[in-house]
There are 4 protein chains.
Amino acid sequence: MNAPVPPTTTLPGLRERLRRFAAERDWDQFHSPKNLAMALIAEAAELVEHFQWLTEAQSRALPPDKRAQVADELADILVYLVRIADKLDIDLLTAAAAKMDRNEIKYPVAQVKGSARKYTEY
Amino acid sequence: MNAPVPPTTTLPGLRERLRRFAAERDWDQFHSPKNLAMALIAEAAELVEHFQWLTEAQSRALPPDKRAQVADELADILVYLVRIADKLDIDLLTAAAAKMDRNEIKYPVAQVKGSARKYTEY
Amino acid sequence: MNAPVPPTTTLPGLRERLRRFAAERDWDQFHSPKNLAMALIAEAAELVEHFQWLTEAQSRALPPDKRAQVADELADILVYLVRIADKLDIDLLTAAAAKMDRNEIKYPVAQVKGSARKYTEY
Amino acid sequence: MNAPVPPTTTLPGLRERLRRFAAERDWDQFHSPKNLAMALIAEAAELVEHFQWLTEAQSRALPPDKRAQVADELADILVYLVRIADKLDIDLLTAAAAKMDRNEIKYPVAQVKGSARKYTEY
């Protein structure tokens, strides 16, 4: 008799589900941050692969089947991202908020607005 | 006078903050899924770089300054992940739950438990 | 009647063969450096995938079938590397020699020899 | 008194130079294929970073300083590619020739010529 799967409608819920998934399979031994970083970038590359021969415009207007495949790659990236953060005891949303606090200062609207050149120089 | 920054304690909150950040700077023009996928993998590689010369054991026990840098890379990855999902109108947590539903079936505990060989073959 | 395939026992030979391959298929239109960089990193990720759950020791002693797959990924990376260099009129071996000239100075033997800590700090 | 640096005008020459570079620094201990694959993809990502906010057209017409930086990234990728191939005793040019033999068959000119759709489907 299995305990019910934890709800995954929040990041902490997903984190719990992934913990249980790995524990049940005795896979924590493989989940060093080093290995998880490799797994994450391999999934990121599968995402890139979907877009590599598309124009930017095509990438903005994916047909439904392609969009579903991309959703699947994004899910894989999120799974490994949550997993590595958990292993290192890092709170993803706190880290992202801190990063955006810095980005708001680093890229002042008045200086960078609407300029590709400004953007790429930063 | 700026409107207050949206709270980023949930993924939808972070998504809103990123939307506003890009809109204020007129950067949506650069944020095609193709470009965002490239930005995401570049951040993933910065994560990998932190681990490339460490042993697995070292990667599990990072010193505080290194751990803070890794947290920063995870934040960057999450930012681009949320952004690309937003641009493609994909709900990350729904996609991750669907993926884990499939993974639970694909990797039955009884068959894969505790076996590196089974794991890598899958 | 096709002209004979150019010999690919040197990098310039491979470059010629790839030029012809793309020209015959009218694929140069897709081979912008931007797209080729994406294709290259996608292949690099397939390489990473082979190693992500292996220990370092296992990665040094691949079974023959795995080694053949890895050779295939290395080939894919080389193909895109030669192709992007060609598109940007960059001589790979000259660039690598210049890089190693700088590395010899940047990492003096007396300072870095045999020290993991020195290595990872650089 | 150092022995002269081997010429690096061919891939085998570069391979020798890299062997000596690592041996002198006692760095072979870090150069497991697993670690080298990580280093390679980190360099590939630095390449991607140069192109991520450029249009394809811009990526085809880099200004000289940017082009020099890209040459440097390509050099880094080649260095790690040669190194990992050496560690696994794989001949890169032989592997690439074998791959192109297969590609010539897999993508027949008559079927794929000039068609983006055909191309991306393959």
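Higher on the page you've got the structure.
Residues numbered from 1 in each chain as written. Chains lettered and ligands numbered in written order. Predicted model: local features only at pLDDT ≥ 70, side-chain atom pairs only at ≥ 80, totals over all residues. Heavy atoms only, no water.

Q: Got a minute to help me understand the relation of the copies chain B and chain A in this structure?
A: Relating one copy of the chain to the other requires a rotation about an axis plus a shift along that axis. In screw terms, the move from chain B to chain A is a rotation of 180° and a rise of 0.0 Å along the axis, fitting with an RMSD of 0.0 Å. What the superposition gives is, in effect, a two-fold axis relating one chain to the other. Across chain B, the rotation axis passes nearest the C-alpha of Ile41 of chain B, at a separation of 3.3 Å. The share of interface residues of chain B whose copies in chain A are also at the interface is 100%, consistent with both copies meeting through the same surface. (Least-squares fit on C-alpha atoms with pLDDT ≥ 70 in both. Contact = heavy atoms within 4.5 Å.)

Q: Is there a simple way to think about the relation of the copies chain C and chain A in this case?
A: When chain C is fitted onto chain A, the two copies agree to an RMSD of 0.0 Å after a turn of 180° and an axial shift of 0.0 Å. Looking at the interface residues of chain C, 100% of them are also at the interface in chain A, so both copies use one shared face.

Q: How should I be thinking about the interface of chain C and chain A in this particular structure?
A: As a measure of interface size, the accessible area lost when the parts come together is often cited. At the interface, 18 residues of chain C touch 18 residues of chain A. Interface area, chain C with chain A, both sides summed: about 1,400 Å², of which 68% is carbon and sulfur. Broken down residue by residue, the surface that chain C buries against chain A is led by Met38, Gln52 and Trp53 of chain C, which jointly contribute 39%. The interface formed by chain C and chain A holds zero salt bridges in total. Counting the contacts that link chain C with chain A gives four residue pairs in polar contact (both at pLDDT 80 or more). Broken down by element, the side of chain C that touches chain A gets its largest block of residues, 12 residues, from helix α2 (residues 33-51) of chain C. The residue inventory of the side of chain C that touches chain A, partitioned by class, reads 11 nonpolar, three polar and four charged. (Buried area = accessible area lost by both parts, 1.4 Å probe. Salt bridge = Lys/Arg side-chain N within 4 Å of Asp/Glu carboxyl O. Polar contact = N/O pair within 3.5 Å; in protein donor to acceptor, adjacent residues only side chain to side chain. Helix = DSSP H or I, 4+ residues; strand = E, 2+ residues; numbered from the N terminus. Nonpolar A, V, L, I, M, F, W, Y, C, P; charged D, E, K, R; others polar.)

Q: Looking at this structure, how should I read the side chain of Lys34 of chain B?
A: Here Lys34 of chain B shows up in helix α2 (residues 33-51). Here Lys34 of chain B occupies a buried position and makes no salt bridge, while the nearest side chain of opposite charge, Glu56 of chain D, is found at 4.2 Å. Discounting residues that sit within four places of it in the chain, Lys34 of chain B has contacts with Phe51, Gln52, Leu54, Thr55, Glu56 and Ser59 of chain A, Lys34, Asn35 and Met38 of chain C together with Glu56 of chain D. (Buried < 20%, exposed > 50% of the residue type's maximum accessible area, 1.4 Å probe, protein only. Lys, Arg positive; Asp, Glu negative; His and termini not counted.)

Q: What is the right way to read the side chain of Ser32 of chain B from this model?
A: Inspection of the secondary structure assignment puts Ser32 of chain B in the loop between α1 (11-25) and α2. Take Ser32 of chain B: its relative accessible area is 0%, and that puts it in the buried class. Each residue touching Ser32 of chain B, except ones within four places of it in the same chain, is listed here: Glu56, Ser59 and Arg60 of chain A.

Q: Just to check I follow, could you spell out the interface of chain B and chain A for this structure?
A: Of the residues lining the interface, 70 residues belong to chain B; the matching set on chain A comes to 70 residues. In total, about 6,500 Å² of surface goes out of reach between chain B and chain A, with carbon and sulfur atoms giving 67% of it. Between chain B and chain A we count 12 salt bridges in total. We note a salt bridge from Arg102 of chain B to Asp72 of chain A, for which the minimum N-O separation is 2.2 Å.

Q: Just checking my understanding: could you explain the pattern of salt bridges for this structure?
A: Think of it this way: side chains of opposite charge can pair up when their charged atoms draw near. What the rule picks out here adds up to 52 salt bridges over all chains. Arg15 of chain A is the salt-bridge partner of Glu16 of chain A, the closest N and O atoms lying 3.5 Å from each other. Here Asp28 of chain B makes a salt bridge to Arg83 of chain B, at a shortest N to O gap of 2.7 Å. Here the residue Asp28 of chain B occupies a position in the loop between α1 and α2, and Arg83 of chain B occupies one in helix α4 (residues 64-87), the gap between them amounting to 55 residues. You can call Asp28 of chain B partly exposed: its relative accessible area is 24%. The structure contains a network of salt bridges with shared partners spanning Arg15, Glu16, Arg19, Asp28, Arg83, Asp86 and Lys87 of chain A.

Q: Teacher, can you tell me more about the environment of Glu104 of chain C here?
A: Residue and element names in this part refer to chain C. Here Glu104 lies in helix α5 (residues 92-106). With a relative accessible area of 24%, Glu104 lands in the partly exposed category. Considering only alpha carbons, one finds Glu104 and Ala85, 19 residues apart in sequence, at a separation of 24 Å.

Q: Sorry, what's going on with the environment of Pro33 of chain A here?
A: Looking at where Pro33 of chain A falls in the secondary structure, it is placed in helix α2 (residues 33-51). When its relative accessible area of 1% is taken as the criterion, Pro33 of chain A is described as buried. For the pair Pro33 of chain A and Leu14 of chain A, spaced 19 residues apart in sequence, the C-alpha separation works out to 18 Å. Excluding its chain neighbours within four sequence positions, the residues that come into contact with Pro33 of chain A are Ile84, Lys87 and Leu88 of chain A together with Phe51, Ser59 and Arg60 of chain B.

Q: Looking at this model, I keep getting lost on helix α5 (residues 92-106) of chain D. Mind explaining?
A: Helical geometry: 3.6 residues make up each α-helical turn, so side chains three or four residues apart lie on a common side. Look at α5 of chain D: 21 Å from first C-alpha to last across 15 residues, which is about the 21 Å you get at 1.5 Å a residue. Its buried side turned inward, α5 of chain D meets α1 (11-25) and α4 (64-87) of chain C together with α1 (11-25) and α4 (64-87) of chain D. Where α5 of chain D begins, one side-chain oxygen reaches toward the backbone nitrogen of Leu93 of chain D, 3.4 Å away; that side chain belongs to Asp91 of chain D. (Expected span 1.5 Å × (residues − 1).)

Q: What's the story with the packing of aromatic side chains in this structure? I'm lost.
A: Geometrically, a pair of aromatic rings is defined through the distance of the ring centres and the angle of the planes. All told, the structure shown has 12 aromatic pairs over all chains when counted by the stated rule. Here Phe21 of chain A and Trp27 of chain A contribute two aromatic rings whose centre-to-centre distance is 5.9 Å and whose plane-to-plane angle is 75°, an arrangement assigned as edge-to-face. Relative to Tyr80 of chain D, the ring of Trp53 of chain B lies with its centre 6.4 Å away and its plane at 40°, an arrangement referred to as tilted. On the criterion of chain membership, the pair formed by Trp53 of chain B in the loop between α2 and α3 (56-60) and Tyr80 of chain D in helix α4 is interchain, its members lying in two chains. Using a relative accessible area of 12% as the deciding quantity, one classes Trp53 of chain B as buried. Taken together, Phe21 and Trp27 of chain A together with Tyr107 of chain B form an aromatic cluster joined through their ring pairs. One Lys or Arg, Arg25 of chain C, reaches over the ring of Phe21 of chain C and ends 3.8 Å from the middle of that ring. (Phe/Tyr/Trp six-rings, centres within 6.5 Å; stacked < 30°, edge-to-face > 60°. Lys NZ or Arg CZ within 6 Å of the ring centre and 35° of its normal.)

Q: I keep staring at α1 of chain D and nothing clicks. Help me out?
A: With 15 residues, α1 of chain D should reach 21 Å at 1.5 Å per residue; the first-to-last C-alpha distance of 21 Å fits that figure. Of the positions making up α1 of chain D, those classed as buried are Leu11, Gly13, Leu14, Arg17, Leu18, Phe21, Ala22 and Arg25 of chain D. For α1 of chain D, the buried positions fall inside an angular range of 165° around the axis, keeping them on one side. As for α1 of chain D, its buried residues are in contact with α1, α5 and α6 (109-112) of chain C together with α4 and α5 of chain D. Within two residues after α1 of chain D, Asp26 of chain D carries a phi angle of roughly 60°, on the positive side. (Arc of directions from axis to C-beta.)

Q: Please clarify how the packing of helix α5 (residues 92-106) of chain A against α1 of chain B should be interpreted in this entry.
A: The description of two packed helices rests on the angle between their axes and on the distance between the axes. The N-to-C vectors of α5 of chain A and α1 of chain B enclose an angle of 15°; their axes lie 11 Å apart at closest approach. Of the possible angle classes, the one that applies to α5 of chain A and α1 of chain B is roughly parallel. For the element pair α5 of chain A and α1 of chain B, the recorded crossing hand is left-handed. Across the interface between the two elements, Leu93, Ala96, Ala97, Met100, Asp101, Asn103 and Glu104 of chain A of α5 of chain A pack against Leu11, Leu14, Arg17, Leu18, Phe21, Glu24 and Arg25 of chain B of α1 of chain B. For the contact of α5 of chain A with α1 of chain B, the class distribution of residues is eight nonpolar, one polar and five charged. (Axes fitted to C-alpha atoms, helices over the stretch in contact; angles between N-to-C directions. Parallel < 35°, antiparallel > 145°, perpendicular 65-115°, else oblique. Left-handed = near helix turned anticlockwise from the far one by under 90°.)

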